[in-house]
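# Structural features, examined
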Amino acid sequence: MRPTELEIARQPWQDMVCGCGDSAEHLAQDLLRLAGRGPGQEPGQASLEGHIWSPVILWEPAPAVASVALAALADGIAPAARGRFLDLLQRLVAGEGTDFASAGRGLDLPESCRELAVQGLWLLYAEVLSNPATGAAGAAFEILTVVEPDRARLRRVREIVAERLPVCCRTGLCDDDPVGPGA
């Protein structure tokens, strides 16, 4: 069993309500397909908008999906799948709100996703420093601009890999004060 499969298997998907209103159980297969761990072993597409995120809010499965995304980065998945998981994690850490039912239970889903991303800082730095795809390196760097409390380290990494980052990351336009833990 690979790290991605392990992390998917340990989540209580059946106990979570998906953004579509059904049980989140179907997300396990979507995430396996995205990682290329399903039939055919090729990374596939999975539309997760409306299930774990929307442009405005995150739904209950978001932290579980963030955890799976980090496990996928530790796994030997294909470059295309890595990019998709980085894009997904970027949407989750940039989340602005929590669905009403989860908020009513006192959950702050964007903050939970950011806390998980902080636990994977070195996975994100590894993507920035070694992923040859500018889009993937840029997505990892943008995640770091949200969650990295050590701004000096972030600036130093920017100096080292500036030519591989999108313009907004090279210039610091995507930097905000960190909103994650320790901020």
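Residues numbered from 1 in each chain as written. Predicted model: local features only at pLDDT ≥ 70, side-chain atom pairs only at ≥ 80, totals over all residues. Heavy atoms only, no water.

Another point: the packing of helix H4 (residues 79–93) against helix H8 (residues 134–147). Packed helices, taken two at a time, are described by their axes: the angle between them and the distance between them. Relative to each other, H4 and H8 sit at 25°, their axes nearing to 9 Å. Accordingly, the angle class assigned to the pair H4 and H8 is roughly parallel. When you trace H4 past H8, the crossing you get is left-handed. Across from Gly-83, Leu-86, Asp-87, Leu-89, Gln-90 and Val-93 in H4, the residues of H8 making contact are Ala-136, Ala-139, Ala-140, Glu-142, Ile-143, Val-146 and Val-147. For the contact of H4 with H8, the class distribution of residues is 9 nonpolar, 2 polar and 2 charged. (Axes fitted to C-alpha atoms, helices over the stretch in contact; angles between N-to-C directions. Helix = DSSP H or I, 4+ residues; strand = E, 2+ residues; numbered from the N terminus. Parallel < 35°, antiparallel > 145°, perpendicular 65-115°, else oblique. Left-handed = near helix turned anticlockwise from the far one by under 90°. Contact = heavy atoms within 4.5 Å. Nonpolar A, V, L, I, M, F, W, Y, C, P; charged D, E, K, R; others polar.)

On to helix H6 (residues 109–119), then. Within H6, the full set of buried residues consists of Leu-109, Pro-110, Glu-111, Cys-113, Arg-114, Leu-116 and Ala-117. Close packing links the buried residues of H6 with helix H3 (62–74), H4, helix H5 (100–104), helix H7 (121–130) and H8. For H6, the capping residue at the N-terminal end is Asp-108, with a side-chain oxygen 3.2 Å from the backbone nitrogen of Glu-111. (Buried < 20%, exposed > 50% of the residue type's maximum accessible area, 1.4 Å probe, protein only. Polar contact = N/O pair within 3.5 Å; in protein donor to acceptor, adjacent residues only side chain to side chain.)

This paragraph deals with the nonpolar core. Within the largest apolar cluster, 55 residues are counted, with the highest numbers of intra-cluster contacts made by Trp-13, Leu-31, Phe-85, Leu-88 and Leu-92. Every element with two or more residues in this core is listed here: helix H2 (26–35), H3, H4, H6, H7, H8 and helix H9 (151–161). (Core = buried A, V, L, I, M, F, W, Y, C linked by side-chain atoms within 4.5 Å.)

This brings us to the packing of aromatic side chains. Counted by the stated rule, this structure contains 1 aromatic pair. Ring plane angle 40° and centroid distance 5.4 Å describe the contact between Trp-122 and Tyr-125, whose orientation is recorded as tilted. A residue pair is termed a helical-turn pair when its members lie 3 or 4 positions apart in one helix, as Trp-122 and Tyr-125 do in helix H7 at 3 residues. (Phe/Tyr/Trp six-rings, centres within 6.5 Å; stacked < 30°, edge-to-face > 60°.)

Turning to the confidence of the model for the protein chain, a few remarks are in order. Within the protein chain, residue pLDDT values average 89, and 89% of them lie at 70 or more. Ranking the elements of the protein chain by mean pLDDT puts helix H10 (residues 167–171) last with 77 and H6 first with 98. (pLDDT = per-residue confidence, 0-100.)

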